[in-house]
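Residue-level structure breakdown
Each chain, letter by letter, is given below.
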Amino acid sequence: MTELSLHILDIVKNSTKAGASVVEIEILESAAENYITITITDNGCGMDEDFLKQVTDPFKTTRTTRKVGMGLSLFKEAALLTGGSFDIKSQQGKGTVVTASFVRDSIDRQPLGDMASTLVTLVSGSEDTEFIYTHTFDGNSFEFSTVEVKNILGDVQITSPEILAWINGYIGEGLDEIYK
């Protein structure tokens, strides 16, 4: 994967496949302190202790369609390559928390990528999942919540093309504001 947003997309898709009804994506960035931390928290089915110990092994997967699962191992490697860290915690029946920290100015750090399009893809593919996205850069924060949008929309589908286009623009503008 060439961008961190694609790693996020992959991990969150795993969350929705694991039955998560709520997925939180939090990105904390600091230019001054030279880090980016990405935390993905879900309330899906979680993993037992034995599986959790092996989950970053690309040949350990719950998939039945293929025998490899590269997502978590690639995300971990992307973080470690920058001198960062990776952690995963999970409790069966309660959910999973994945945290990857990156050295922001590392030559090996992948660009963050298009988070607005990533969120639109997630919302369009998992309409019933509640997504909460928080992004903080040097103390400036932006938050997006599908619950808030759905409350405003009433009977209008959040997955309608017009709403998805609005979400894309709204997130893009919010991120532009925090980076100023």
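For the structure itself, consult the block above.
Read on for an overview of the structure.

What counts as what
- Residues numbered from 1 in each chain as written.
- Predicted model: local features only at pLDDT ≥ 70, side-chain atom pairs only at ≥ 80, totals over all residues.
- Heavy atoms only, no water.
- Helix = DSSP H or I, 4+ residues; strand = E, 2+ residues; numbered from the N terminus.
- Contact = heavy atoms within 4.5 Å.
- Salt bridge = Lys/Arg side-chain N within 4 Å of Asp/Glu carboxyl O.
- Buried < 20%, exposed > 50% of the residue type's maximum accessible area, 1.4 Å probe, protein only.
- Pairing = 2+ DSSP bridges.
- Polar contact = N/O pair within 3.5 Å; in protein donor to acceptor, adjacent residues only side chain to side chain.
- Axes fitted to C-alpha atoms, helices over the stretch in contact; angles between N-to-C directions.
- Phe/Tyr/Trp six-rings, centres within 6.5 Å; stacked < 30°, edge-to-face > 60°.

**Considerations on the environment of Ile11**
Considering the arrangement of structural elements, one finds Ile11 in helix H1 (residues 4-17). With residues up to four places along the chain from it excluded, the contact list for Ile11 reads Ile40, Gly71, Leu72, Phe75 and Val98.

**What about the pattern of salt bridges?**
Overall, the coordinates contain three salt bridges when judged by the stated rule. When the shortest N-O distance is used, the salt bridge between Asp87 and Lys89 registers 2.6 Å. Between Lys180 and Glu177 there is a salt bridge, and its shortest N-O distance comes to 3.3 Å.

**Regarding the side chain of His7**
Along the chain, His7 turns up in helix H1. Relative accessible area serves as the criterion here: at 2%, His7 is assigned to the buried category. When near neighbours in sequence (up to four residues on either side) are disregarded, His7 contacts Met1, Gly71, Leu74, Phe75, Ala78 and Gln110.

**As for the side chain of Ser126**
Along the chain, Ser126 turns up in the loop between helix H4 (115-125) and strand E5 (130-137). A relative accessible area of 10% places Ser126 in the buried class. Setting aside residues no more than four positions away along its own chain, Ser126 makes contact with Lys13, Thr16 and Phe131.

**Regarding the pairing of strand E6 (residues 140-145)**
Pairing of E5 with E6 involves six bridges; the strand directions are antiparallel. Looking across to E6, one finds that Phe137 is bridged to Asn140. The hairpin formed by E5 and E6 contains two residues between the paired strands, and Asp138 there has a positive phi angle of roughly 45°.

**Regarding H4**
Those residues of H4 not exposed but buried are Met115, Ala116, Thr118, Leu119, Val120, Leu122 and Val123. In the core, the buried residues of H4 are packed alongside H1, strand E1 (22-30), E5, E6, helix H5 (146-153) and helix H6 (161-179). A distance of 3.3 Å separates the backbone nitrogen of Ala116 from a side-chain oxygen at the start of H4, and that oxygen is part of Asp114.

**Quick word on the sheet that holds strand E4 (residues 95-103)**
Pairing in this open sheet of six strands is mixed, and the strands run E3-E4-E2-E1-E5-E6 from one edge to the other. In the strand order of this sheet, the two ends are held by strand E3 (85-91) and E6, each with one partner. Direction aside, the axes of adjacent strands within the sheet are offset by 10° on average. Sheet topology note: the E1/strand E2 (residues 35-42) ladder contains eight bridges and is antiparallel. Looking at the pairing, Ile25 lines up with Ile40 of E2.

**What to know about the packing of aromatic side chains**
A complete count under the given rule lists six aromatic pairs for this structure. An angle of 50° between the planes, with centres 6.1 Å apart, marks the rings of Phe75 and Phe102 as tilted. Linking Phe75 in helix H3 (residues 71-81) with Phe102 in strand E4, this pair joins segments that are 27 residues apart in sequence. Here Phe75 falls in the buried class, since its relative accessible area comes to 0%. For Phe102, a relative accessible area of 2% puts it in the buried group. Here Trp166 and Tyr170 contribute two aromatic rings whose centre-to-centre distance is 4.8 Å and whose plane-to-plane angle is 15°, an arrangement assigned as stacked. In this pair, Trp166 and Tyr170 both sit in helix H6, four residues apart, roughly one turn of the helix. Ring pairs connect the aromatic residues Tyr133, Phe142, Trp166 and Tyr170, which therefore count as one cluster.

In short, shape yes, function no, at least from these values alone.
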